[in-house]
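Residue-level structural notes
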Amino acid sequence: MSTLSPLARRVEGWHRPMLSVAVVMAALAVASVIGLLVDHRVLLGAPIWLKPFKFAVSNAIYALTWAWLFSLLKKNRVLANGTTNVLVAVIYVEYALILVQVLRGRPSHFNFSTPADSIIYSVMGVSIGVLWTGALILTILVLRAPIADIAVRWSLRLGVLISLAGISLGALMVTPTATQLEAMQSGAFAGMIGAHSVGVEDGGATMPVTGWSATGGDLRIPHFVGMHALQALPIVLGLLVLLAPRVPRLRSAVVRARLVVVAAAGYAGLVGLVTWQAERGQSIIHPDVLTLAALGVLVIGVVAGAAVSLARPVTVREGSVEYRPTARL
């Protein structure tokens, strides 16, 4: 008889070091909240502890997801384990450097103001490159994983692909802005290369909690939205499974898979939309007519795709709903 607790049995086979990252980051998120309450310093227009809080929450979610995904990788276990261990180290290194800069009262990103700042940001840049490479390797392994349920398989495959694209969008922030290029050419270099904001300077009016620009474009939005497709698409599938007892058509794994593909297409379209909006220097809370029109087209496309997926013929047998043998995804 197993002596494992219900929780231990549930996470058996998960990647333990990555699971520990999720726990540590959750604790650091709480510590950051305390920092927000007791340390009222402001950096570039935002509370100085806001960035550690956001990174801790995002890292916790990301680590928890990959700890679970590792349990599904039955092949190439040595490669998967080694790669995931590297990601664990990278996440810790990057977060530690963010904390160092908070304690120093210095910006952690895009900062080349002093030799120390340059070294810290350069190490962070290398760590992000290693993180992306590791995520690419794990993405390939997930794409090749023999997952029996077709809906689960497609939610994870498309989730990891969009997530990898979201991580890649972070590269849009590291190039110098027009203002920075002018300053460098005139010999008035202010020490910053790259920015979150488009059309406005970093440090202006921001949205609560997220810290995203309230007056201009913000490239952190597509980076964040894309990166967390890895959680969003499985959540969509989970909702479909929960609805299945009440909606007979959703009892078919193929129907759920088709709806997941539609959701993934819509999610990818959303990533593209918020990227386009940010690059145009437009705040996400002040969309113009073009943005709203594009959003409307996207919503109509998703609704139409879902309707077609649900309307295709099914064969009802003994109270369960199945696609006909010739049906394909």
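To be clear, the structure that these remarks concern was listed above.
Moving on to the nonpolar core. In terms of nonpolar packing, the biggest core is built from 36 residues, with Met18, Val21, Met25, Tyr62, Trp66, Leu73 and Leu138 touching the most fellow members. Of all the secondary-structure elements, those providing two or more residues to this core are α2 (16–38), α3 (50–70), α4 (77–104), α5 (115–144) and α6 (150–168). Residue contributions to this core peak at eight residues, all from α3. Look past the residues within four positions of Leu73 in its chain and what remains in contact with it is Ala80, Leu138, Leu141, Val142 and Ala145. If you look at the next biggest cluster of nonpolar residues, it comprises 15 residues, including Leu158, Ile162, Leu233 and Tyr267.

We now examine the packing of α3 against α6. Interhelical geometry of α3 versus α6 gives an angle of 140° and a closest axis separation of 13 Å. As judged from the angle between their axes, α3 and α6 are oblique. Relative to α6, α3 is oriented so that their crossing is left-handed. Listed contacts from α6 to Tyr62, Trp66, Trp68 and Leu69 of α3 are Leu156, Val160, Ser163 and Ile167.

Summed over all chains, the structure comprises three cavities of 30 Å³ or more. Residue lining of the largest cavity: 29 residues in total, with Leu43, Leu44, Lys51, His196 and Arg220 positioned closest to the centre. Among the secondary structure elements, those contributing two or more residues to the lining of the largest cavity are β2 (46–47), α3 and α4. When its residues are assigned to classes, the lining of the largest cavity shows twelve nonpolar, ten polar and seven charged.

What follows concerns the side chain of Arg256. Of note, Arg256 is situated in helix α10 (residues 253–279). On the basis of relative accessibility, which here comes to 11%, the residue Arg256 falls in the buried class. Sequence-distant contacts of Arg256, defined by excluding residues within four places in its chain, comprise Asp149, Ala151, Leu237, Leu240, Val241, Leu250 and Arg251.

Turning our attention to the layout of surface pockets. The rolling of a water-molecule-sized probe over the atoms marks out the regions of remaining empty space. Within this model, the largest pocket holds a volume of roughly 890 Å³. Along its surface, the largest pocket is lined by 33 residues, and Phe55, Met173, Arg220, His223 and Met227 are the ones closest to its centre. Residue assignment for the lining of the largest pocket shows that the elements contributing at least two residues are α3, α4, α5, α6 and α8 (220–227). Looking at the lining of the largest pocket, the element that brings in the most residues is α3, giving nine residues.

Scoring rules and cut-offs
Residues numbered from 1 in each chain as written. Predicted model: local features only at pLDDT ≥ 70, side-chain atom pairs only at ≥ 80, totals over all residues. Heavy atoms only, no water. Core = buried A, V, L, I, M, F, W, Y, C linked by side-chain atoms within 4.5 Å. Buried < 20%, exposed > 50% of the residue type's maximum accessible area, 1.4 Å probe, protein only. Helix = DSSP H or I, 4+ residues; strand = E, 2+ residues; numbered from the N terminus. Contact = heavy atoms within 4.5 Å. Axes fitted to C-alpha atoms, helices over the stretch in contact; angles between N-to-C directions. Parallel < 35°, antiparallel > 145°, perpendicular 65-115°, else oblique. Left-handed = near helix turned anticlockwise from the far one by under 90°. 1 Å grid on protein atoms, 1.4 Å probe; cavity = no way out; pocket = protein on both sides within 12 Å on 5 of 7 lines; lining within 4 Å. Points joined across faces, edges and corners; volume = space filled by probe spheres on them. Nonpolar A, V, L, I, M, F, W, Y, C, P; charged D, E, K, R; others polar.

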